[in-house]
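Listed here are the chains, written in short residue letters.
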Amino acid sequence: MIMASEAKAVPLSSATDKIRVMVVDDSVVIRGLLGRWVESDPALSLVASHRNGKLAVDDIERSNPDVVVLDIEMPEMDGLTALPLMLRKKRDLVVLMASTLTRRNAEVSLRALSLGAQDYIPKPETSSEVTTSLDFRRELIDKVKALGARHRGTRGPAGGARPMRAETGAGRTAVADALGRPVQPAAPRVGAYGKPAALLTTKPYSAVRPRVLAIGSSTGGPQALQQLMREIGTAIRQVPVVVTQHMPPTFTAILAEHLGKAALRPSKEAENGEILQPGNIYVAPGGRHLVVDKEGGQAIARLTDDAPVNFCKPAVDPLFDSVAKVFGSATLAVVLTGMGHDGAAGVKTISAGGGSIIAQDEATSVVWGMPGAAAQTGLCSDILPLAEIGPKIARILSGGIR
């Protein structure tokens with residue numbers, strides 16, 4: 001007989017050093033498969049498995065997961081209904097939404113991010129495709145580990161206040177407590193790519209006013225992008241904005257709509273060969289790389305079907321390389337929260353061409369992979385909390401003090 005719930009009740013003492021994972025999906029095949037993937041990774045422990053949101057909500061306190069992989073469409077209680085109830089029971093719970101690539105599910109996934117989910121993962125259409133998709137397995141496990149590690153790494157002793165990163169002059173980083181007061185760390189914090197965070201260096205901004213704004217993001221990016229666009233909407237009227245967010249098809253079209261509403265500016269998926277108009281936002285469509293080219297003295301969008309870069313398609317590096325080639329020292333780029341190191345090579349290209357780069361800081365990033373890699377190059381002009389990036393960009397685009 002198939003059980004409605006397969007909670008394991010793994011004791012805390014037996015999984016002290018592992019990330020505790022709950023899987024919630026109405027398909028017994030998917031639950032079993034995802035559970036086996038989790039169990040096969042030495043960094044993870046499967047603590048519960050449930051077929052609907054209600055069973056999962058009721059079990060949160062007993063199973064005490066660090067990360068929940070949450071399906072959207074389920075009987076009795078769906079994922080969107082369960083999400084806030086889970087977070088009410090455990091405020092620091094990390095929830096990863098899982099859904100197939102329909103427009104409705106894409107809308108629901110982005111809605112879930114606004115309600116507190118940390119990220120989403122697109123599921124293949126059928127159980128057989130899930131079983132055979134190595135990319136889906138890799139992405140799922142990578143996200144669970146990255147989000148779970150971030151969750152555990154920022155949780156204070158015995159549930160106390162979490163240490164935060166506070167920016168000091170010239171883009172350097174110091175440690176502050178939950179009230180923003182500077183404190184002396186016991187040892188230098190090491191960034192994602194090996195250099196102590198306190199030793200990160202920056203370079204001056206370009207003296208040339210930007211003629212393009214290029215943005216790259218991944219995990220946590222949709223929320224960060226919408227906040228950024230709300231803060232810089234009117235400031236982008238004189239420059240086109242090109243965005244690469246690691247997302248599949250359908251999701252990118254909806255993201256573009258959301259960014260347009262946040263910025264109160266025209267926003268759409270980029271189309272091959274179209275002229276990039278100032279004040280407009282162009283999002284790389286899922287499954288295609290967006291690059292910028294020059295034709296007849298005008299900047300145009302090009303969509304390519306080249307191989308994935310850094311396992312991503314669209315990828316940030318091709319976009320950054322292309323804007324550096326077209327706009328040179330008039331390039332302003334931003335690297336927001338995300339897993340991996342996509343964009344770091346493009347940061348070097350932009351810097352070599354005289355352009356400027358801003359990286360999101362560690363404290364406000366869902367995952368400090370991409371912005372951490374950018375910061376570790378020493379070529380960024382600023383490493384800033386998310387709330388400070390928008391106002392900074394607005395001042396730069398208006399010709400204000402950098």
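Structure's up top.
Rules behind the numbers
Residues numbered from 1 in each chain as written. Predicted model: local features only at pLDDT ≥ 70, side-chain atom pairs only at ≥ 80, totals over all residues. Heavy atoms only, no water. 1 Å grid on protein atoms, 1.4 Å probe; cavity = no way out; pocket = protein on both sides within 12 Å on 5 of 7 lines; lining within 4 Å. Points joined across faces, edges and corners; volume = space filled by probe spheres on them. Nonpolar A, V, L, I, M, F, W, Y, C, P; charged D, E, K, R; others polar. Buried < 20%, exposed > 50% of the residue type's maximum accessible area, 1.4 Å probe, protein only. Helix = DSSP H or I, 4+ residues; strand = E, 2+ residues; numbered from the N terminus. Pairing = 2+ DSSP bridges. Contact = heavy atoms within 4.5 Å. Polar contact = N/O pair within 3.5 Å; in protein donor to acceptor, adjacent residues only side chain to side chain. Core = buried A, V, L, I, M, F, W, Y, C linked by side-chain atoms within 4.5 Å. Expected span 1.5 Å × (residues − 1). Salt bridge = Lys/Arg side-chain N within 4 Å of Asp/Glu carboxyl O. Phe/Tyr/Trp six-rings, centres within 6.5 Å; stacked < 30°, edge-to-face > 60°.

Peer 1: What am I meant to see in empty space enclosed by the protein here?
Peer 2: Sizing a probe to match a water molecule and rolling it over the atoms shows the empty space that remains. All chains considered together, the criterion is met by 1 cavity of 30 Å³ or more. Each pocket or cavity is described by its volume, and for the largest cavity that value is around 30 Å³. Lining the largest cavity are 10 residues; nearest its centre among them are Ser206, Val208, Pro210, Thr331 and Ser356. Partitioned by chemical class, the residues of the lining of the largest cavity number 5 nonpolar, 4 polar and 1 charged.

Peer 1: Whenever I open this one, the pairing of strand E3 (residues 67-71) confuses me. Can you help?
Peer 2: Within a regular strand, side chains alternate between the sheet's two faces. For E3, the buried fraction is high: 5 of the 5 residues fall into the buried class. Looking at chain direction, strand E1 (residues 19-24) and E3 are connected through 4 bridges and run parallel. Pairing of Val21 across the sheet is with Val67, part of E3. Here 5 bridges tie E3 to strand E4 (residues 94-100), and the two strands are oriented parallel to one another. Paired with Val69 across the bridge in E4 is Leu96.

Peer 1: Explain the environment of Arg103 to me, please; I cannot follow it from the model alone.
Peer 2: Tracing the chain through its elements places Arg103 in helix H4 (residues 103-114). What makes Arg103 partly exposed here is its relative accessible area of 42%. The contacts of Arg103, once residues within four sequence positions are left out, are Thr250, Ile254 and Glu257. There is a polar contact of 3.1 Å between the side chain of Arg103 and the side chain of Glu257.

Peer 1: It is not clear to me how the nonpolar core should be interpreted in this structure. Could you clarify?
Peer 2: As a rule of thumb, nonpolar side chains are buried together in soluble globular proteins. Grouped together as the largest cluster of nonpolar side chains are 60 residues, with contacts concentrated most on Met86, Leu213, Ile215, Met229 and Ile393. What Met229 contacts, discounting residues up to four positions off in sequence, is Ile215, Val241, Val243, Leu259, Ala262, Ala263 and Ile281. By size, the runner-up hydrophobic cluster in this structure holds 28 residues, among which are Leu290, Ala299, Phe320 and Val326.

Peer 1: Is there a simple way to explain unusual backbone geometry in this structure?
Peer 2: Among all residues save glycine, negative phi is the norm, and among peptide bonds the norm is trans. Cis geometry marks the peptide bond from Lys313 to Pro314; its omega dihedral reads 15 degrees. By the secondary structure assignment, Pro314 is in the loop between strand E13 (298-304) and helix H9 (316-327). Even without glycine at this site, Glu76 takes up a positive phi of about 70 degrees. One non-glycine residue with positive phi stands out, namely Asn310, at about 55 degrees. Residue position: Asn310 is located in the loop between E13 and H9. By relative accessible area, Asn310 is classed as partly exposed at 27%.

Peer 1: Would you mind showing me how to read the pairing of strand E12 (residues 289-295) here?
Peer 2: Inspection of the sheet shows E12 paired to E13 by 7 bridges, in the antiparallel sense. By the bridge assignment, Val292 is partnered in E13 with Ala301. In this antiparallel pair of consecutive strands, E12 and E13, the connection spans 2 residues, and Gly296 shows a positive phi of 60 degrees.

Peer 1: I'm lost on helix H2 (residues 53-63) in this one. Help?
Peer 2: An α-helical turn contains 3.6 residues, so a residue and the one three or four places further along point in the same direction. Listed in full, the buried residues belonging to H2 are Gly53, Ala56, Val57, Asp59, Ile60 and Ser63. Structurally, H2 contributes buried residues whose contacts are with E1, strand E2 (44-50), E3 and helix H3 (79-89). With a side-chain oxygen lying 3.1 Å from the backbone nitrogen of Lys54, the N-terminal cap of H2 falls on Asn52. Backbone geometry just after H2 places Asn64 at a positive phi near 50 degrees.

Peer 1: Help me understand helix H7 (residues 221-232) in this model?
Peer 2: Given a rise of 1.5 Å per residue, 12 residues ought to cover 16 Å, and the 16 Å separating the end C-alpha atoms of H7 matches this to within 8%. Buried within H7 are the following residues: Gly221, Pro222, Ala224, Leu225, Gln226, Leu228, Met229 and Ile232.

Peer 1: Got a minute to help me understand the pattern of salt bridges in this structure?
Peer 2: Charged atoms that come close allow side chains of opposite charge to pair. One pass over the structure, following the stated rule, counts 17 salt bridges. One salt bridge in this structure joins Asp71 and Lys123, with 3.2 Å as the shortest N-O distance. With Asp71 in strand E3 and Lys123 in strand E5 (residues 119-123), this residue pair connects regions lying 52 residues apart in the sequence. For the pair Asp71 and Lys123, one class covers both residues: buried.

Peer 1: Looking at this model, I keep getting lost on the packing of aromatic side chains. Mind explaining?
Peer 2: Aromatic rings considered in pairs are described by the distance between their centres and by the relative angle of their planes. For the structure shown, the criterion picks out 2 aromatic pairs. Between Tyr120 and Phe251, the aromatic rings sit 5.0 Å apart at their centres with planes inclined by 20 degrees, giving stacked as the arrangement. Taken together, the residues span a long stretch of sequence, with Tyr120 in strand E5 and Phe251 in helix H8 (residues 251-263) at a distance of 131 residues. For the pair Tyr120 and Phe251, a shared accessibility class is recorded, and that class is buried.

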